[in-house]
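# Overview (structure and organization)
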Amino acid sequence: MAGWRWFAMSLTLVLLGLPQHLVASKFVPNPSSRLTQQHRTFVDKMWESHMAMPESLIRAGYKHELEGRNWARLAQKLSTEGSTVNIVAFGGSVTVGYRRSNTSYPEELVDWLSDTFPGVEFNLINLARRATAATFAALCLVQDMPEDTDLVLLEYSVNGYGGQCQCFTDPQTAGYETLLRKLIKKAPHAAMLAFASFMWLDKENKPGKYYDTGEDQHGVVCRRYGVPMMSVRDAMYDAMFDADNAYGIKREKILVDIVHVGDYGAKVYAAFLAWAVRHQVTRALLHHRSLAAAARHTPALPPPLNPEAAQEDWPTFCAEGLGLQKYVTDNKGWKWVDEGTNACAGCHRYGYLTKQVGD
């Protein structure tokens, strides 16, 4: 049975588009023979894990077959019991989570990771902010990311769309590249994974235009920096608007409005990221004869596509929430309050308030 399992897995890897030298043939030994028994068991467990969507559909959303920066290091941590993996998510409201939902796709991904790798501890920091693009994150949020982050999630394809004909010097795309460069400098050992969400419907409830997204420009930037990307548009666009699709996808079960997803939709989106993690980790295990040696290698920061993005070292200052209070040195007539918000369950909105004119 084990032999059949590895034969099926090798055949699947061919279908997944792995480079030919990673796949068994009469000229090249089966790469699975390089794996220790521990890694074989580890890979078997990953491939037995359940996905919330058919994997043939998820596969269509995978952009670029690349090794990915620091994925060997992440693979080593995931395959080592007792490890701690720190995850930080950046994005807009889709990443924050719908205000009436009980979960978000980053949380669902962590649940999948915890079930799949029970010997590893996972910590999630969600630095996504509603109605923000990558430039805001680059200027204000990277400072809050720990330097020992192991995996960074990025989602800005909806809020970061500046027009399909924009070039790489335009602000939205330049801001995305600036964010990547700042992330790499702040956490040079972190692996990164981009997620392209999509505005499924326009304001007239008609299907969103296939090209109304920033993911195509962002995809080029990601490829340059060794960041795999998963696209729900590429995978599900036709099925989302076909009530009789072969996958049984029901748009109304996934979406709560034109772009946001509910609890079930969060599981669907997380499945795309879970598939990418499994794919990249399997690739790292098969590609490197010594995973430990590969994990010690930190890729260099490449030259920028856009020279404007090379200005990521400019000093910035941002303070939000409780962090703002400590910078106020003189206060007369203003009261520190938490007004709360219905944007998400348990969310806060801190600030100073006065009801007197002239204060």
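Since this is a predicted model, take the numbers as computed values, not measurements.

## With respect to helix 8 (residues 171-186)
A rise of 1.5 Å per residue sets the reference length of helix 8, with its 16 residues, at 22 Å; its end C-alpha atoms lie 22 Å apart and thus fit the reference within 8%. Among the 16 residues in helix 8, 12 count as buried, and that is most of the element. As for helix 8, its buried residues are in contact with strand 2 (84-91), helix 7 (134-141), strand 4 (151-155), strand 5 (191-196), helix 9 (215-224) and strand 6 (229-231).

## Notes on the pattern of salt bridges
Per the counting criterion, the structure on display carries 16 salt bridges. For E312, the salt bridge identified is with K185, shortest N-O distance 3.0 Å. A residue pair is termed long-range when its members are at least 10 positions apart, and E312 in the loop between helix 13 (291-295) and helix 14 (322-325) and K185 in helix 8 qualify at 127 residues. For K185, a relative accessible area of 40% puts it in the partly exposed group.

## A closer look at the state of the cysteines
Chemically, a disulfide is nothing more than a covalent bond linking the sulfur atoms of two cysteines. For the coordinates displayed, the defined rule picks out one disulfide. Disulfide partner of C140: C318, at an S-S distance of 1.9 Å. Between C140 and C318, the S-S torsion sits near -40°, and that sign places the bridge as left-handed. In this pair, C140 is assigned in helix 7 and C318 in the loop between helix 13 and helix 14, connecting sequence segments 178 residues apart.

## Details of the layout of surface pockets
Empty space among the atoms becomes visible once a probe the size of a water molecule is rolled across them. Put simply, the largest pocket is a space of about 910 Å³. For the largest pocket, the lining is made up of 33 residues, of which A128, R129, E320, C347 and H348 are closest to its centre. Top contributing element to the lining of the largest pocket by residue count: helix 7, with three residues. The residue inventory of the lining of the largest pocket, partitioned by class, reads 14 nonpolar, 12 polar and seven charged.

## Regarding the environment of M236
Along the chain, M236 turns up in helix 10 (residues 232-240). Once the C-alpha coordinates of M236 and R251 are considered, the two residues, 15 residues apart in sequence, prove to be 9.9 Å apart. For M236, the contacting residues outside a window of four places in its chain are M53, L57, W200, I249, V268, Y269 and F272.

## Structural notes on helix 10
Burial of helix 10 is extensive: seven of the nine residues sit out of reach of the surface. Here helix 10 has its buried residues at V232, R233, A235, M236, Y237, A239 and M240. Two or three places before R233, at the opening of helix 10, S231 has a side-chain oxygen 3.4 Å from that residue's backbone nitrogen.

## A few points about the packing of helix 2 (residues 37-48) against helix 12 (residues 263-287)
Following both chains from N to C, one finds helix 2 and helix 12 inclined at 160°, their axes separated by 11 Å at the closest point. The pairing of helix 2 with helix 12 is recorded here as roughly antiparallel in orientation. Once helix 2 is placed against helix 12, the crossing between them reads as left-handed. Two secondary-structure elements touch here, helix 2 through H39, F42, V43, M46 and W47 and helix 12 through R278, V281, T282 and L285. Of the residues contributing to the contact of helix 2 with helix 12, the split by class is six nonpolar, two polar and one charged.

## Focus: the packing of aromatic side chains
The geometry of an aromatic ring pair comes down to the distance between the two centres and the angle between the two planes. Taken as a whole and judged by the stated rule, the model has 14 aromatic pairs. Ring geometry for W112 against F117: centres 6.1 Å apart, planes inclined by 90°, an arrangement best described as edge-to-face. Neither residue differs from the other here; W112 and F117 are each classed as buried. In this structure an aromatic cluster arises from ring pairing among F198, W200, Y210, Y237 and F241. Stacked on the ring of Y210, the Lys or Arg R233 has its end atom at 4.1 Å from the ring centre.

## Remarks on unusual backbone geometry
The phi torsion at H64 lies on the positive side, around 75°, for a residue other than glycine. Residue classification places H64 among the partly exposed residues on the basis of a relative accessible area of 23%. Of note, the phi angle at N70 is positive, near 70°, even though the residue is not glycine. Here N70 is to be found in the loop between strand 1 (62-63) and helix 4 (71-78). Residue classification places N70 among the buried positions, given a relative accessible area of 6%.

Rules and cut-offs
- Residues numbered from 1 in each chain as written.
- Predicted model: local features only at pLDDT ≥ 70, side-chain atom pairs only at ≥ 80, totals over all residues.
- Heavy atoms only, no water.
- Helix = DSSP H or I, 4+ residues; strand = E, 2+ residues; numbered from the N terminus.
- Expected span 1.5 Å × (residues − 1).
- Buried < 20%, exposed > 50% of the residue type's maximum accessible area, 1.4 Å probe, protein only.
- Contact = heavy atoms within 4.5 Å.
- Salt bridge = Lys/Arg side-chain N within 4 Å of Asp/Glu carboxyl O.
- Disulfide = S-S within 2.5 Å.
- 1 Å grid on protein atoms, 1.4 Å probe; cavity = no way out; pocket = protein on both sides within 12 Å on 5 of 7 lines; lining within 4 Å.
- Points joined across faces, edges and corners; volume = space filled by probe spheres on them.
- Nonpolar A, V, L, I, M, F, W, Y, C, P; charged D, E, K, R; others polar.
- Polar contact = N/O pair within 3.5 Å; in protein donor to acceptor, adjacent residues only side chain to side chain.
- Axes fitted to C-alpha atoms, helices over the stretch in contact; angles between N-to-C directions.
- Parallel < 35°, antiparallel > 145°, perpendicular 65-115°, else oblique.
- Left-handed = near helix turned anticlockwise from the far one by under 90°.
- Phe/Tyr/Trp six-rings, centres within 6.5 Å; stacked < 30°, edge-to-face > 60°.
- Lys NZ or Arg CZ within 6 Å of the ring centre and 35° of its normal.

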